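Results of the structural survey
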Amino acid sequence: MEKTLFIIKPDAVKRNRIGRILSMVEEAGLKIIRLSLMHLSREQACEFYAMHRGKEFYEKLVDYMSSAPCVVCVLEGNDAVKLLRSICGATDPTLAAPGTIRSEFGINITMNSVHASDSSESAKREVKFFFPEVE
Ligand code: GDP
């Protein structure tokens, strides 16, 4: 079993899409083992996305992620990192495959509704970042 971090971003929370998005996650066979509605501070968003520091979209990204509440979850399942990335779809919702979460709910590349860890190393760091007690 593998764990991964999943975030429902402010655009989707504001538009009452939490339930529909979590249904897609559960239907894919992933188990929700932690779930919390959190309003990230700007500092938390900066640290969470530290690998993007210096990129042209970084400030916009951290402003956006700290602008309103998110739903932060730890998901568990076989090949969870890869499975979750596949159901989320491409970063840019206009390029995301039909039926993926970002294709269904994303507004643009910033307001793309969800975050999913991109590797097992990132998943370990990201799970620990929000839920330090999770093994
Ligand atoms: P992800 O793993 O698919 O979320 O993509 P990345 O790790 O590359 O980027 C993190 C987040 O930064 C993405 O989900 C987008 O919200 C945002 N982002 C990435 N690339 C761009 C870009 O070129 N422009 C803008 N405005 N935002 C971006």
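Here the structure is shown first, and the text comes after it.
The structure reproduced in this document is the subject of the present report. (Residues numbered from 1 in each chain as written. Predicted model: local features only at pLDDT ≥ 70, side-chain atom pairs only at ≥ 80, totals over all residues. Heavy atoms only, no water.)

**As for the environment of A12**
The topology assignment puts A12 in helix α1 (residues 10-14). Excluding residues within four positions of it along the chain, A12 makes contact with R17, I18, I21 and S113. (Helix = DSSP H or I, 4+ residues; strand = E, 2+ residues; numbered from the N terminus. Contact = heavy atoms within 4.5 Å.)

**What about the site of the ligand?**
The immediate surroundings of the ligand are formed by K9, Y49, H52, F57, L61, R85, T91, R102, I109, T110 and N112. At a separation of 3.0 Å, an oxygen atom of the ligand approaches a polar side-chain atom of R102. A distance of 3.2 Å separates a nitrogen atom of the ligand from a polar atom in the side chain of T110. Relative to its free-state accessible area of 540 Å², the ligand is covered by the protein chains to the extent of 80%. (Near = heavy atom within 4 Å. Polar contact = N/O pair within 3.5 Å; in protein donor to acceptor, adjacent residues only side chain to side chain. Areas by Shrake-Rupley, 256 points an atom, 1.4 Å probe, with all protein chains shown as cover.)

**Some details on the sheet that holds strand β1 (residues 2-8)**
Judged by pairing direction, the sheet is antiparallel, and its four strands sit side by side in the order β2-β3-β1-β4 without closing on themselves. The two strands at the open ends of the sheet, each matched to only one other strand, are β2 (31-38) and β4 (114-116). Sheet twist, expressed as the average angle between the axes of neighbouring strands with direction ignored, equals 15 degrees. Taken together, the three bridges between β1 and β4 define a ladder with antiparallel strand orientation. Following the sheet pairing, F6 is matched in β4 by A116. The sheet contacts of helix α5 (residues 80-88) involve β1, β3 (70-77) and β4, and relative to β1 the element is tilted by about 30 degrees. Where helix α7 (residues 120-130) meets the sheet, its contacts fall on β1, β2, β3 and β4, and the angle it forms with β1 comes to roughly 65 degrees. (Pairing = 2+ DSSP bridges. Axes fitted to C-alpha atoms, helices over the stretch in contact; angles between N-to-C directions.)

**Here we look at the packing of aromatic side chains**
Per the stated rule, a full pass over the model turns up four aromatic pairs. With a centroid separation of 4.8 Å and 80 degrees between ring planes, the pair formed by F129 and F130 is classed as edge-to-face. Judged by its relative accessible area of 23%, F129 is partly exposed. Three or more aromatic residues joined by ring pairs form one cluster here, namely F48, Y49, F129 and F130. (Phe/Tyr/Trp six-rings, centres within 6.5 Å; stacked < 30°, edge-to-face > 60°. Buried < 20%, exposed > 50% of the residue type's maximum accessible area, 1.4 Å probe, protein only.)

**A short note on the side chain of H115**
As for its position among the elements, H115 is in strand β4. Judged by its relative accessible area of 10%, H115 is buried. Contact partners of H115, with chain neighbours within four places excluded, come to L5, F6, I7, K9, F48, Y49, R102 and E126.

**Overview of the pattern of salt bridges**
All chains considered together, the criterion is met by five salt bridges. A salt bridge links R15 to D11, with the nearest nitrogen and oxygen atoms 2.6 Å apart. Classification of R15 as partly exposed rests on a relative accessible area of 27%. Residue D11 is classed as buried on the basis of its relative accessible area of 4%. (Salt bridge = Lys/Arg side-chain N within 4 Å of Asp/Glu carboxyl O.)

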